[in-house]
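One letter stands for each residue in the lines below.
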Amino acid sequence: MKPLAEQNHYEILETHVSATREDIERAYRLSLTTYADDSLAGYSVLEAGDAAALRERIEVAFRVLSDARLRREYDATLSLAPREELPAEEPSAPLVPVEANADADRFAHVLDGFAREDDESGEFDGERLRHFRIRSGMEIDDIARVTKISPSYLRFIESERFADLPAAVYVRGFVTAYANCVGLDGKEVAASYMKRFEQGRSERRRGRFFESR
Amino acid sequence: MRVDGGVSDTLDKLAVRLRDERSGARRARLIAVGGGKGGVGKSFVVANLAASLARSGQRVIAVDGDLEGANLHTCVGVTKPRASLADFVAQREEDLGKLILDTPIPNLRLIAAIGANLAAAQPSQARRVQLMRELRELDADFVFLDLGAGTHAAVMDYFMIGDDGVVVIAPEPTSVENAYGFVRAAFYRRLRLAIASHDVRKLVTTAMDQRNERGIRTPLELLREIEALDPAEGARFVETMSAFRPRLVINGVRTAEDIKLGFSIQSVCRKFFGLDADYLGYVNHDESARHSVRARRPLIDVYPRSDAAIYFSRIARKLAAETGAGEAVEPLP
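Residues numbered from 1 in each chain as written. Chains lettered and ligands numbered in written order. Predicted model: local features only at pLDDT ≥ 70, side-chain atom pairs only at ≥ 80, totals over all residues.

### So, the overall build of chain B
Part 1 of the argument: Summing up its helical and strand segments, chain B has 14 helices and eight strands in all.
Part 2 of the argument: Counting every position in chain B, which comprises 333 residues, the buried fraction comes to 52%.
Part 3 of the argument: At a minimum sequence separation of 6, the contacts of chain B that also span at least 24 residues come to 75%. (Helix = DSSP H or I, 4+ residues; strand = E, 2+ residues; numbered from the N terminus. Buried ≥ 20, exposed ≤ 12 C-beta atoms within 10 Å, placed from the backbone. Contact = placed C-beta atoms within 7 Å.)

### Here's the deal with the overall build of chain A
Part 1 of the argument: Summing up its helical and strand segments, chain A has ten helices and zero strands in all.
Part 2 of the argument: When the helices and strands of chain A are read in sequence order from the N terminus, they spell out α-α-α-α-α-α-α-α-α-α.
Part 3 of the argument: Expressed as a percentage of contacts within chain A between residues at least 6 apart in sequence, the contacts between residues at least 24 apart total 59%.

### Observations concerning the sheet that holds strand β4 (residues 108–111) of chain B
All names here are of chain B.
Part 1 of the argument: In spatial order, the strands read β3-β4-β2-β5-β1-β6-β7-β8; together these eight strands make up an open sheet with mixed pairing. Edge positions in the sheet fall to β3 (101–102) and β8 (278–284), since each of these pairs with one other strand and no more.
Part 2 of the argument: Strand direction decides the pairing type here: strand β1 (residues 29–34) and strand β6 (residues 164–169), joined by four bridges, are parallel. Its bridge partner lying in β6, Val33 is registered against Val166.
Part 3 of the argument: The sheet contacts of helix α2 (residues 42–55) involve β1, β2 (60–64), β4, β5 (142–146), β6, β7 (247–253) and β8, and relative to β5 the element is tilted by about 170 degrees. (Pairing = 2+ DSSP bridges. Axes fitted to C-alpha atoms, helices over the stretch in contact; angles between N-to-C directions.)

### Observations concerning the packing of helix α8 (residues 151–159) of chain A against helix α9 (residues 168–181) of chain A
Residue and element names in this part refer to chain A.
Part 1 of the argument: Look at α8 against α9: their axes get within 11 Å of each other, and the N-to-C directions meet at 85 degrees. With respect to α9, the axis of α8 lies roughly perpendicular. Seen from α8, the contacting residues are Tyr153, Leu154 and Ile157; seen from α9, they are Phe174, Val175 and Tyr178.
Part 2 of the argument: Its residues assigned to classes, the contact of α8 with α9 shows six nonpolar, no polar and no charged. (Parallel < 35°, antiparallel > 145°, perpendicular 65-115°, else oblique. Nonpolar A, V, L, I, M, F, W, Y, C, P; charged D, E, K, R; others polar.)

### Side note on the environment of Ser267 of chain B
Part 1 of the argument: Here Ser267 of chain B lies in helix α11 (residues 256–273).
Part 2 of the argument: In this structure, the C-alpha to C-alpha distance between Ser267 of chain B and Ala277 of chain B, residues ten residues apart in sequence, is 8.6 Å.
Part 3 of the argument: When neighbours within four sequence positions are excluded, Ser267 of chain B is seen to be in contact with Glu14, Ser31 and Thr34 of chain A.

And the structure:
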């Protein structure tokens, strides 16, 4: 166990040298939550200044590890063997979490472990999606940031406000991205959700038709 | 007898020996459940994990270790226990096995704690030793021990004989604070056993007093002090540290933030205490929980399809899987 002052960037973020960029981002977000000034987990243990000092270390660690070039240089100073599989130079592309790397960090590992045990077949309605999202530890805004889908659409998907959603082709894309994001099989989930969506819309159309007569 | 807690050290040593003793045949896995604070749902968690394992075919005994606030019997649907741990404490009964009661749930049995003499609820030292021995001898696959609130010596002794020590935490400041206190108390007790040098033991005892003059706040700071005093003891300290692995359950989560709390506490334990906690799982806040307590039955039994029941069975499966694979759990990276 090393004192904080001697911990390297990976130890500060509580991730590991072969972490992918997403792992690092996830670890970073979790550390920021943990060491926020009003953090539930921290306030009774940390003393004035502890959290701020740590957050500074966290920011530096993230700045270095989230930049492929800086990270390589940093790894060299740690005299690490070069990673077999460098997380390529793709980082500017939007991050679309994949369900691979379940073991990648303990956060993903445990939560994915929890989710894996759930039955992932059957019908997916908005409520069930919401459950999986909460289980995966993500907020609407996290998904919005990753998928670039507006938070209100994500909420409409969860609350099944079909009338407020755009055309089916978009919704299918949204649901697929959402599902992938929370560690589900996007294609399968979208197929199931879209049945409800089409049905919901057609019922509504019929309703309108009868009303107009 | 030494001044620095000789009696309870003897007990502690016994506790650890009992824990490590393998008495021939397959022995029950003893899971002690504490948490420092009252009202965080320890009994609720014990009742449901026990019921969940029982449903999956494991033979389970749930023991109410809270002689001053017994209520586990109610949680598992036993209205008026006709026998209780209090009989053992008061030496009316010598055989703990005879105090086991059936519950409405198949495979789940109970040792209640109701009816203690409140003037002398806690067993004497000698009786406590016997009790711990008997607990280890119970014939079952799993024995759950529901501990009282606080970090009283008796509570910590029971926590220490467990193969697993589970800490139940509610996502609220008071509970989190007490949980840290609980983890720290458990760790220091274990530590005092590992340390041989008298001076270092005195230092550990000093550190257990949180407002100590030396300003030792966390195990990590204590380690630095010990290393300065005696490097060999420092090594033993590190060894004890890495073997100590409290397991966290967050009860009553409402948001994703609450779920993350377990990871955050893990992080704080690691960074500021140098301790590796294991996040065993969480249980959501569920209206059916309140109804099940009203119905005086485990939630898992009354509302097996509720979310909370699903979370419980998930934790139970995890525990059962570990037993199949031996007692050591692979630490997460």
